[in-house]
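Observations on chain architecture
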Amino acid sequence: QVQLVETGGGLVQAGGSLRLSCAASGRTFSSNTMGWYRQAPGKEREFVAAITWSGGSTFYADSVKGRFTIARDNAKNTAYLQMNTLKPEDSAVYYCAADQRDPVVLITTTRWAFWGQGTQVTVSS
């Protein structure tokens, strides 16, 4: 079992930055692909970014490429999402997810094994 807790959300002006953190408990953190998803009101949950267990490969949605960076620190059981040049359309609840399967498969689905409770990100124009 892996428990995930997201922190770092908040209100920021357009063009600003935020860094989300996802703290994981459980001994299997380092063997899990980690991902970030977001869900805006009235919309489906969508993929944002993912990182392999080693951190060697990363994946991004086209809408955030060049602005967001996903990273992880296995020694701290923590994954991060650095969000720069934020836009109002980035406003959503951001969720952290973990799963041991191949990220190439995972990023096409919302059926990850473990999810956090989410953290709100609001970008004002």
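Look up: the structure comes first, before these words.
Residues numbered from 1 in each chain as written. Predicted model: local features only at pLDDT ≥ 70, side-chain atom pairs only at ≥ 80, totals over all residues. Heavy atoms only, no water.

Of regular secondary structure, the protein chain possesses one helix and 11 strands. Counting from the amino terminus, the protein chain carries its helices and strands in the arrangement β-β-β-β-β-β-β-β-β-α-β-β. For the protein chain, whose C-alpha radius of gyration is 13 Å, the value lies close to the compact-globule estimate of 14 Å for 125 residues. Projected onto its principal axes, the C-alpha coordinates of the protein chain cover approximately 40 × 25 × 25 Å. (Helix = DSSP H or I, 4+ residues; strand = E, 2+ residues; numbered from the N terminus. Rg over C-alpha atoms; globule rule 2.2 N^0.38 Å.)

Among the structural elements, arginine 72 can be located in strand β7 (residues 68-73). In this structure, arginine 72 is buried with no salt-bridge partner, the nearest side chain bearing the opposite charge being aspartate 73 at 8.2 Å. A polar side-chain atom of arginine 72 sits 3.5 Å from the main-chain carbonyl oxygen of tryptophan 53. Apart from the residues within four sequence positions on either side, arginine 72 is in contact with Phe29, Ser30, Asn32, Thr33, Met34, Ile51, Thr52, Trp53, Gly55, Thr78, Ala79 and Tyr80. (Buried < 20%, exposed > 50% of the residue type's maximum accessible area, 1.4 Å probe, protein only. Lys, Arg positive; Asp, Glu negative; His and termini not counted. Salt bridge = Lys/Arg side-chain N within 4 Å of Asp/Glu carboxyl O. Polar contact = N/O pair within 3.5 Å; in protein donor to acceptor, adjacent residues only side chain to side chain. Contact = heavy atoms within 4.5 Å.)

Moving on, we get to the nonpolar core. By size, the foremost hydrophobic cluster in this structure holds 34 residues, and its most contacted members are Met34, Trp36, Leu81, Met83 and Tyr94. Of all the secondary structure elements, the ones that give two or more residues to this core are β3 (18-25), β4 (33-39), β5 (46-51), β7, β8 (78-83), β9 (92-99) and β11 (119-124). When sequence neighbours within four positions are dropped, the list of residues in contact with tyrosine 94 reads Glu6, Leu20, Trp36, Tyr37, Arg38, Val48, Phe68, Leu81, Met83, Gly118, Thr119 and Val121. (Core = buried A, V, L, I, M, F, W, Y, C linked by side-chain atoms within 4.5 Å.)

To continue, consider the sheet that holds β8. Overall, antiparallel pairing links the four strands, which are arranged β1-β3-β8-β7 in an open sheet. Of all the strands in the sheet, the pair left with one neighbour each is β1 (3-7) and β7. The sheet shows a mean angle of 15 degrees between the axes of neighbouring strands, direction not considered. Sheet topology note: the β1/β3 ladder contains five bridges and is antiparallel. Bridge pairing in β3 links threonine 7 to serine 21. (Pairing = 2+ DSSP bridges. Axes fitted to C-alpha atoms, helices over the stretch in contact; angles between N-to-C directions.)

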